[in-house]
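# Structure assessment
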Amino acid sequence: MVTSYRFLARRRGLAATGAAAALALTLAACGSSSSDSSSMPGMDHGGKSSASASPSASQAMDDMPGMDHMASGNGLSDTRDGYRLISKDATLPSAKQTAYRFTVTGPDGRPVTGFALDQTKRMHFYAIRSDLTGFQHIHPTMAADGTWSANLSSLAPGSWRLFASFTPEAGPGKGKDFVLSRTVTVPGNATKSLLPAPATSTQADGYTVTVKGEPMAGMAHPLTVSIAKDGKPVTDLEPYLDTYAHLTAFHEGDAAFAHLHPTTKVTGDNGGPDLSFHAELPTSGNWRLFLQFQTGGKLHTAALTLRVG
């Protein structure tokens, strides 16, 4: 997966000034974390480079797809910096498609209607049940008054958390990425599924997805995803959301959100088999990863459990 910004900056520091300079750079990077109580350590890493970063390191980060859109916080609140996710829906029906309607209000209390593009979309919307099953990634539509409609597929009974990921185009939060969420209940007989054990590979639609890397909580680590089919490397991955694969993670127990950003550039209509991601997961424990990739016009979703120390 992605080579992190701090890793790149640290490597250049080692080459230029030795281990002492690298240590100073690491301490500076740690001190730049947000102190906001709703943030998780290591998640506040937006596109602006720190004062300690060299121009070449900053340029390298800017060249990575998705690295200019990295949301802070774990997404477990409906409010952040004056922005709020509002919905009248506290329950949703089970076993049928349904629309979840919501608005995002700004610090002035008014609905926000201007959103910047992030990976070709102005809003990314995610649904996950409390046991980390039923993952859905949707791109809702917005009415002129700022009301969004997310068309959800059939939901199983239980407690669900719904996430809205967006970047205001204007106002106090201009250019800053937000992930806000609310919970809903789907009535019925809820049967909890056990989280699959941590693994390095999984199967989806005949494809084998393998993850390489050993992330540590609160630290930036590169992860690599390799995709194969029938024992052969897959090289016909189609561009999807301005990348060759989209990776989302949720933490076991609280369903905290993390978007692992791709750093493999789209260079044509066919990609693979190896894809790089920037992994900075703030909390130790098990994370459920959902990788989405497209071949032959069909979207595939592969899931596996990753243990973070």
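Just so it is clear, the model here is predicted, and its values are computed rather than measured.

About the thresholds
- Residues numbered from 1 in each chain as written.
- Predicted model: local features only at pLDDT ≥ 70, side-chain atom pairs only at ≥ 80, totals over all residues.
- Heavy atoms only, no water.
- Helix = DSSP H or I, 4+ residues; strand = E, 2+ residues; numbered from the N terminus.
- Buried < 20%, exposed > 50% of the residue type's maximum accessible area, 1.4 Å probe, protein only.
- Contact = heavy atoms within 4.5 Å.
- Areas by Shrake-Rupley, 256 points an atom, 1.4 Å probe, with all protein chains shown as cover.
- Pairing = 2+ DSSP bridges.
- Core = buried A, V, L, I, M, F, W, Y, C linked by side-chain atoms within 4.5 Å.
- Phe/Tyr/Trp six-rings, centres within 6.5 Å; stacked < 30°, edge-to-face > 60°.
- Axes fitted to C-alpha atoms, helices over the stretch in contact; angles between N-to-C directions.
- pLDDT = per-residue confidence, 0-100.
- Salt bridge = Lys/Arg side-chain N within 4 Å of Asp/Glu carboxyl O.

## Digging into the overall build of the chain
- If you tally the helices and strands in the chain, you get three helices and 18 strands.
- Looking at the chain as a whole, 49% of its 309 residues qualify as buried.
- Restricting the contact set of the chain to residue pairs at least 6 apart, pairs at least 24 apart contribute 68%.
- With the model as given, the accessible surface of the chain reaches about 13900 Å², and the carbon-plus-sulfur share is 51%.

## A short note on the sheet that holds strand β7 (residues 147-152)
- Ordered in space as β1-β2-β3-β7-β6, the five strands form an open sheet in which the pairing is antiparallel. Whereas interior strands pair on both sides, the edge strands pair on one side only; in this sheet they are β1 (79-80) and β6 (141-142).

## Describing the pairing of strand β12 (residues 221-229)
- Here strand β11 (residues 207-212) pairs with β12 via six bridges, running antiparallel. Along β12, the bridge assignment pairs K212 with T224.

## So, the nonpolar core
- Judged by nonpolar contacts, the single largest core of 28 residues is most densely connected at I227, L260, L281, W287, L291 and F293.
- Mapped onto this core, the elements with two or more residues apiece are β11, β12, β14 (246-251), β15 (257-262), β16 (274-279), β17 (285-295) and β18 (298-308).
- For L291, the residues in contact, after removing those within four places along its chain, are V209, V225, I227, A245, H246, L247, F277, H300, T301 and A302.
- In terms of nonpolar packing, the next biggest core, distinct from the first, is built from 24 residues, L92, A150, L155 and L162 among them.

## With respect to the packing of aromatic side chains
- Evaluated as defined, the whole model comprises 17 aromatic pairs.
- A centroid spacing of 5.4 Å and a plane angle of 80° characterise the contact between Y207 and F293, whose relative ring orientation is edge-to-face. Pair noted here: Y207 is in strand β11 and F293 is in strand β17, with a separation of 86 residues, a long-range link.
- Here F293 falls in the buried class, since its relative accessible area comes to 0%.
- In textbook terms, an aromatic cluster arises when at least three aromatic residues are bridged by ring pairs, as seen for Y83, Y100, F102, F115, F125, W148, F166 and F178.

## Here's the deal with the environment of N270
- Structurally, N270 can be placed in the loop between β15 and β16.
- Here the alpha-carbon distance between N270 and Y244, two residues 26 residues apart in the chain, equals 8.4 Å.
- Dropping the residues within four chain positions of it, N270 is found in contact with T235, D236, L237 and Y244.

## Section: the side chain of Q136
- Within the secondary structure, Q136 sits in strand β5 (residues 136-138).
- Residue Q136 is classed as buried on the basis of its relative accessible area, which comes to 11%.
- Excluding residues within four positions of it along the chain, Q136 makes contact with F125, Y126, A127, L152, S153, S154 and L155.

## Notes on the sheet that holds strand β4 (residues 124-129)
- Across the sheet, which stays open at both edges, the four strands sit in the order β5-β4-β8-β9 with antiparallel pairing between neighbours. One side of each edge strand has no neighbouring strand; the edge strands of this open sheet are β5 and β9 (178-186). Direction aside, neighbouring strands of the sheet carry axes that sit 20° apart on average.
- Bridge count for β4 against β5 is three bridges, and the pairing is antiparallel. Bridging from a neighbouring strand, Y126 pairs with H137 of β5.

## A look at the confidence of the model for the chain
- For the chain, per-residue confidence averages 83 on the pLDDT scale, and residues scoring 70 or more make up 77% of the total.
- Across residues 1-71, where pLDDT falls below 50, the model places 118 contacts with residues more than four positions away in sequence or in other chains.

## Notes on the pattern of salt bridges
- This structure, assessed with the given rule, holds four salt bridges.
- Across the pair K176 and D81 runs a salt bridge, and its minimum N-O distance is 2.2 Å. In this pair, K176 sits in the loop between β8 (158-166) and β9 while D81 sits in the loop between β1 and β2 (83-86), placing the two residues 95 residues apart along the sequence.
- Relative accessible area serves as the criterion here: at 30%, K176 is assigned to the partly exposed category.
- Judged by relative accessible area, D81 falls into the partly exposed class, the value being 37%.
- Across the pair D131 and R129 runs a salt bridge whose closest N-O atoms are separated by 2.5 Å.
- According to the relative accessible area criterion, R129 is buried, its value standing at 6%.

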